Amino acid sequence: DHPTTKMPRMQPLPIDETLPALRDALVAQPNVVLHAPTGAGKTTRVPLALLNAPWLAGRRIVMLEPRRLAARAAARHMASLLGESVGSTVGYRTRFDTRVGVDTRIEVVTEGVLTRLLQHDPELAGYGIVIFDEFHERSLQADLGLALSLDVQAALRPDLRLLVMSATLPRERAAEFLGNAPMVASEGRSFPVDVRYLGGGPKQSTPARTAAAVERAVAGQSGGVLVFLPGAAEIHKTAALLAKRLPRDVLLAPLYGALPPAEQDKAIAPAPAGKRKIVLATNIAETSLTIEDVRVVVDCGLARVARFEPKSGMTRLATARIARDSADQRAGRAGRVAPGVCYRLWSESEHARLAATSTPEILEADLAPLLLELARWGVADPADLRWLDPPPDAACAQARDLLVALDALTEDGRLTARGRTLSDMPAHPRLAHMIARAGELDCGATACMIAALLAEQDVLSADARTVDLQTRLEALAGDQVGAPVVRARLERVRKSARELRRRSGIGDTAIDTARAGLLTAFAYPDRIAQRRPGNAPRYQLANGRGAYFAAPEALSKTPYLAVAELDGDPREARIFVAAALDAVDLEKHFAEHIAAHDAVRWDAQTGAVIARREYRLGALLLRDEPLQKVDPEEVTAALVDGIRQAGNASLPWTPALRQWQQRVLFLRRVFGDDWPEVDNAALMAALEQWLAPYLAGIRRLSQLEAVPLHHALNALLTPQQQRELDTLAPSHITVPTGSRIAIDYGANNPVLAVRLQEMFGCDQTPTIAGGRVPLTLHLLSPARRPVQITQDLAGFWRSSYQDVKRDMKGRYPKHPWPDDPLAAEPTRRTK
């Protein structure tokens, strides 16, 4: 139905020589891998070259770009080559911005637009080929789009072509993944780049080191300069430093995703006559774009990456070292149109230690949007689709739990009616859920403003920055004041909010800033926070994690918060954006998530078992009340837990019971495992078995004195062992004087400490354990100090006694020291 598009004459590019082979490959096979280096021209030449392919049959080409800026630039350039405006033969679709007409044959799309096309038309009936440009960047949306496209191709559209284009992706792996697809390669054309390593240098901030390197580059090289920095904050700080140092003919142009399109276009356009341009960019400028006049690259070697922590359910932005493939891409920007120079702010040895390739986003991202899309596609288990890198199980499990909590999925992973509503909204499922709930409360416009606000760089200037989300809403609801950059941010948020309202069918109503906390809680129910006791501004999150304010804030004493942004620390996260949450709203609007638990547990502070009915939202205890009826077994279990925490000494031990314990342990050493293990550790480990039956009616440690501990311990012995205990391991022994003296079983060998005179006339060492073990005799002086330690009493009388007699007789003349102790009468008395 479409007329044959007449191809214009264009300046030759390296990719042109490869186009015939690419056309042939797409005739022979539905899937093809195209490898073309940076600057080869694949982004703009390939779609145009395929427009008149017979297999396309007049259908459209859709090409996925990883960034909005690249999508718009590619569409504009292809349209200009055709002598047309964007929206004619070539158009683009991005989030909140579409330029597509009835005659459009090439659509450059990004930010999940391909997923939307697939969800609304699973056959892609109007399209003949899907092109994945810059696939080596491995964005989550690109991986998802490829997985869904392969599913369409396998089930519905075997004629659908898929073309994966990349500069650095391993060709063999991609080709094998696509069913042994043919590989087409372009040699490309890149001019030599002189890479210069500047080393780590002094301990300076990234902006300071980068500004110094840019000064050096401007002084020593000609042409435009492209500077890579991790984020917008570093870009503005570096620009402020350079503005004071560079000549007047140098134009500074920031370039990052949050900039208005007009500012982005200015950065990639040729420098005005008589001006030299320095572009300060994030990794948005790494691929796809050709920035005019660039001859020099200054690379700080850092990038801002989002890292998701499944255990905490939080994503944190981290400044990380780039991989070698990214460094090569960045350096290549200096050699696109002429020989160039790249300054790297690290050493050559550091470069060798960098990771070879960047980590695919699917391995580190929050997968809640992915699982919601899959559920709408009809796939409950990601493993049912083909992935170049399968999504991690832990992140999938966390995402599934979140979507169930948002009522988007059933427990078995099927899409709910609410889930379908959320998937239609151009926002993360959390924010979409907030907008949907807010619509039920007639404050949808406020929710759209919050959603737009949280997706934007902070609208507050640095000197006015606060944690309070309500302050930001008030700024958006007020007049445009402040610095131009702040006004621009505010207007971007308002524009995004208007588009969200339009897409969600919400009217333009007044912003209710007082609802900020409740609406934020709808989006982040796991981050509802309760202030911990004490003076420190620390909070407990519903997901069990901790959070804190790094500096004094007006919200610091607020009992409840809804937290929108944290730093993702798994132990205790710093709060960046939050809003006060009213306890009444919490109880009213989250009633279905508040669970009543009958808690019978040990309280270490009171030293007692407490029984309360607790009302909890996740890990938060909202309120509790006394529990009237308590299961005695639960009380006993809690008391046992308390005894374990308090330790063995909390039991009502007496000296006699400690001796009983030592006697049994002695018999276990002598006779083996037939006798029970009754050391402290074993007793604590088995409290449920031997002590719990004797704890009825007891709730406090102070009441343990009433426990018949002797009976409880004795029950550990068999009846026969109870009878044998006093025979084999007697507590006392009678010596020749008739005295009953306790045996000390605490040592490795049991000890009998007895005064020497009480053993006169005895030539046999007393034994226990049925005669197996002789007692160790501590023979004492009249002052009850050991004068001899022996297990051979007869030998002592024959040998050492005479020496002891000579030594002791003078000291204790009133006590008998006979020459023949075996013939003497034992005695407890003096002479």
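Calculation criteria
- Residues numbered from 1 in each chain as written.
- Predicted model: local features only at pLDDT ≥ 70, side-chain atom pairs only at ≥ 80, totals over all residues.
- Heavy atoms only, no water.
- Pairing = 2+ DSSP bridges.
- Helix = DSSP H or I, 4+ residues; strand = E, 2+ residues; numbered from the N terminus.
- Axes fitted to C-alpha atoms, helices over the stretch in contact; angles between N-to-C directions.
- Phe/Tyr/Trp six-rings, centres within 6.5 Å; stacked < 30°, edge-to-face > 60°.
- Buried < 20%, exposed > 50% of the residue type's maximum accessible area, 1.4 Å probe, protein only.
- Lys NZ or Arg CZ within 6 Å of the ring centre and 35° of its normal.
- Core = buried A, V, L, I, M, F, W, Y, C linked by side-chain atoms within 4.5 Å.
- Contact = heavy atoms within 4.5 Å.
- Salt bridge = Lys/Arg side-chain N within 4 Å of Asp/Glu carboxyl O.

Participant: How should I be thinking about the sheet that holds strand β26 (residues 740–744) in this particular structure?
Facilitator: The strands making up a sheet associate through hydrogen bonds between their backbones, and the pairing can be parallel or antiparallel. With mixed pairing, five strands are arranged side by side in an open sheet as β25-β26-β27-β30-β31. Edge strands, defined here as strands with exactly one partner in the open sheet, are β25 (732–734) and β31 (786–790). Averaged over neighbouring strand pairs, the angle between their axes works out to 30° when direction is ignored. Bridge count for strand β30 (residues 776–780) against β31 is four bridges, and the pairing is antiparallel. Paired with Leu 780 across the bridge in β31 is Pro 786.

Participant: What exactly am I supposed to notice about the packing of aromatic side chains here?
Facilitator: Two aromatic rings, taken as a pair, are described by how far apart their centres are and by the angle between their planes. A full pass over the atoms with the stated rule returns eight aromatic pairs. Aromatic pair Phe 796 and Trp 797: ring centres 5.2 Å apart, planes at 50°, arrangement tilted. Here the two residues Phe 796 and Trp 797 agree in accessibility, since each one is buried. Geometrically, the ring pair formed by Trp 797 and Tyr 801 is edge-to-face, given 5.5 Å between the ring centres and 70° between the ring planes. Of the two residues, Trp 797 and Tyr 801, neither departs from the other in class, the shared state being buried. Feature note: the residues Phe 760, Phe 796, Trp 797 and Tyr 801 constitute an aromatic cluster, connected by ring pairs. Here Arg 658 stacks its cationic end above the ring of Trp 653, 3.8 Å away from the centre of that ring.

Participant: Any chance you could explain the nonpolar core here in plain terms?
Facilitator: Judged by nonpolar contacts, the single largest core of 101 residues is most densely connected at Phe 132, Leu 146, Leu 367, Leu 370, Met 434 and Ile 528. With near-sequence residues (within four places) excluded, Leu 367 lies in contact with Leu 140, Ile 362, Pro 391, Pro 392, Ala 395, Cys 396 and Ala 399. In this structure, Ala 611, Ala 769, Val 773 and Val 804 belong to the second largest nonpolar core, which totals 62 residues.

Participant: What's the story with the environment of Asp 381 in this structure? I'm lost.
Facilitator: Looking at where Asp 381 falls in the secondary structure, it is placed in the loop between α12 (368–377) and α13 (393–405). Spatially, the C-alpha atoms of Asp 381 and Asp 412 are 9.7 Å apart, while their sequence positions differ by 31 residues.

Participant: Looking at this structure, how should I read the pattern of salt bridges?
Facilitator: A pair can form between side chains of opposite charge whenever their charged atoms are brought close. Scanning all chains against the criterion turns up 44 salt bridges. The shortest N-O distance in the salt bridge between Asp 389 and Arg 138 comes to 2.8 Å. A residue pair is termed long-range when its members are at least 10 positions apart, and Asp 389 in the loop between α12 and α13 and Arg 138 in the loop between β6 (127–132) and α5 (140–155) qualify at 251 residues. As far as the burial class goes, Asp 389 and Arg 138 line up, both buried. Across the pair Arg 668 and Glu 677 runs a salt bridge, and its minimum N-O distance is 3.4 Å. What emerges from the salt-bridge pattern is a single network uniting Arg 138, Asp 143, Arg 173 and Asp 389.

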